[in-house]
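# Tertiary structure, described
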Amino acid sequence: MRGEAFELPYGGHRGGLNGIPDPTGESMAAVPRSVPETFAFACGDCGHTWEATFQLMFFTDPLDASGLTTQEYVDEAGRAVRSPLADAVCPRCGSRRVSLERPE
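Residues numbered from 1 in each chain as written. Predicted model: local features only at pLDDT ≥ 70, side-chain atom pairs only at ≥ 80, totals over all residues. Heavy atoms only, no water.

Let's shift gears to the pattern of salt bridges. The tally for this structure, following the rule as stated, stands at three salt bridges. Residue Arg97 is joined to Asp45 by a salt bridge in which the shortest nitrogen-to-oxygen separation is 2.6 Å. Taken as a pair, Arg97 in the loop between strand 6 (80–81) and strand 7 (98–101) and Asp45 in the loop between strand 3 (33–43) and strand 4 (49–60) lie far apart in primary sequence, 52 residues in all. Overall, Arg97 belongs to the exposed group, its relative accessible area being 54%. The residue Arg79 makes a salt bridge to Asp75 at a minimum N-O spacing of 2.8 Å. Judged by its relative accessible area of 52%, Arg79 falls in the exposed class. (Salt bridge = Lys/Arg side-chain N within 4 Å of Asp/Glu carboxyl O. Helix = DSSP H or I, 4+ residues; strand = E, 2+ residues; numbered from the N terminus. Buried < 20%, exposed > 50% of the residue type's maximum accessible area, 1.4 Å probe, protein only.)

What follows is the structure, given as structure tokens:
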């Protein structure tokens, strides 16, 4: 992680580069861009279906000359999470046999 540690608007957290704050005192972006993404899931074990909306946040490090952008998913509770496609767990039975469906 790069830049100074700061709180995400949704309650998540990003750390500084090796615990060292950014010498300019700026975060990776003054206001990170975000877009909502809704996913529909189906459990392969119990058959439960559900939808979840995540904010996909985009960060650009002003000290990185390449201008690369990183992204992070933030769940409905405000926690930074890995890609919902990689870490989906059924809220009813806890199974990881979850497939992606089309949102309604």
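Turning next to the nonpolar core. Judged by nonpolar contacts, Phe39, Phe41, Cys43, Trp50, Ala52, Phe54, Leu56, Phe58, Tyr73, Ala88 and Cys90 together constitute the single largest core of eleven residues. Looking at this core, the elements that each hand over two or more residues are strand 3 and strand 4. For this core, the element with the highest residue contribution is strand 4, accounting for five residues. When residues no more than four places from it in sequence are discounted, the contact partners of Leu56 are Arg33, Ser34, Val35, Glu37, Gln71, Glu72 and Tyr73. (Core = buried A, V, L, I, M, F, W, Y, C linked by side-chain atoms within 4.5 Å. Contact = heavy atoms within 4.5 Å.)

The next thing to look at is the pairing of strand 3. Looking at chain direction, strand 3 and strand 4 are connected through ten bridges and run antiparallel. Bridge pairing in strand 4 places Ala42 opposite Thr49. In this antiparallel pair of consecutive strands, strand 3 and strand 4, the connection spans five residues, and Gly47 shows a positive phi of 85°. Of the pairings in the sheet, the one linking strand 3 to strand 7 comprises four bridges and is antiparallel in character. Its bridge partner lying in strand 7, Phe41 is registered against Leu100. (Pairing = 2+ DSSP bridges.)

Let's shift gears to the sheet that holds strand 6. In sheet architecture, strand pairing relies on hydrogen bonds along the backbone and comes in two forms, parallel and antiparallel. On the basis of which strands lie adjacent, the open sheet formed by five strands has the order 6-5-4-3-7 and antiparallel pairing. Each edge of the open sheet is held by one strand with a lone partner, namely strand 6 and strand 7.

On to the packing of aromatic side chains. Throughout the structure, instances matching the rule amount to five aromatic pairs. Pairing Phe41 with Trp50 gives two aromatic rings, centres 5.3 Å apart and planes at 25°, and the pair type is stacked. Under the relative-accessibility criterion, Phe41 is labelled buried at 5%. A residue is classified by how much of its surface remains accessible, and Trp50, at 17% relative accessible area, is buried. Taken together, the ring pairs in this structure connect Phe39, Phe41, Trp50, Phe54 and Tyr73 into an aromatic cluster. (Phe/Tyr/Trp six-rings, centres within 6.5 Å; stacked < 30°, edge-to-face > 60°.)

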